[in-house]
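Overview (structure and organization)
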Amino acid sequence: LKVPCALDAMEKAEVKADSDEGEVISTIAIATSSIMTILIILIGVIAIIPLLSFVESFPQLNYAFDNVLPALFGGLGVVYLSRYFRSTNNNN
């Protein structure tokens, strides 16, 4: 999921992916993206703690909370499946 960050950073820096500069730029972009993801999740967790008891009082939301993990894995599955189908179509 960090590949778009690396590709965008290399494009903006106008370096090729197979060069030393490209590797450094993509590594920095991926590290920055990972740090930002952690910070955003941390802010979200801290922000939802006071609201958790209020949100849990609605039984209608239990269905949504039960499906968070399958939804995340479904999103990741689509990425990998689309990559598989693109690679098989390019070989024909």
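Residues numbered from 1 in each chain as written. Predicted model: local features only at pLDDT ≥ 70, side-chain atom pairs only at ≥ 80, totals over all residues. Heavy atoms only, no water.

Moving on, we get to the overall build of the protein chain. If you tally the helices and strands in the protein chain, you get five helices and zero strands. The C-alpha atoms of the protein chain give 19 Å as radius of gyration, which overshoots the globular expectation for 92 residues (12 Å, by more than 25%). The principal-axis extents of the C-alpha atoms in the protein chain amount to approximately 55 × 35 × 15 Å. Burial statistics for the protein chain: of 92 residues in total, 9% are counted as buried. Looking at the protein chain as shown, the accessible area adds up to about 7,800 Å², and 70% of this sits on carbon and sulfur atoms. Looking at the protein chain, you have 5 positive and 9 negative side-chain charges, and the mean spots of the two groups are 5 Å apart. (Helix = DSSP H or I, 4+ residues; strand = E, 2+ residues; numbered from the N terminus. Rg over C-alpha atoms; globule rule 2.2 N^0.38 Å. Buried < 20%, exposed > 50% of the residue type's maximum accessible area, 1.4 Å probe, protein only. Areas by Shrake-Rupley, 256 points an atom, 1.4 Å probe, with all protein chains shown as cover. Lys, Arg positive; Asp, Glu negative; His and termini not counted. Charge placed at Lys NZ, Arg CZ, Asp CG, Glu CD.)

A side chain of one charge can pair with a side chain of the opposite charge when the charged atoms of the two come close. The final tally for this structure, using the stated rule, is one salt bridge. A salt bridge links Lys12 to Asp8, with the shortest nitrogen-to-oxygen separation between them at 3.4 Å. Of this pair, Lys12 and Asp8 both sit in helix α1 (residues 3-13), four residues apart, roughly one helical turn. (Salt bridge = Lys/Arg side-chain N within 4 Å of Asp/Glu carboxyl O.)

Considering the arrangement of structural elements, one finds Ser33 in helix α2 (residues 20-48). Of note is the side chain of Ser33, whose polar atom sits 3.4 Å from the side chain of Lys2. Those residues in contact with Ser33 that sit more than four places away from it in its chain are Lys2 and Cys5. (Polar contact = N/O pair within 3.5 Å; in protein donor to acceptor, adjacent residues only side chain to side chain. Contact = heavy atoms within 4.5 Å.)

On to unusual backbone geometry, then. Of note in this structure, Glu14 is not a glycine but carries a positive phi near 55 degrees. By secondary structure assignment, the location of Glu14 is in the loop between α1 and α2.

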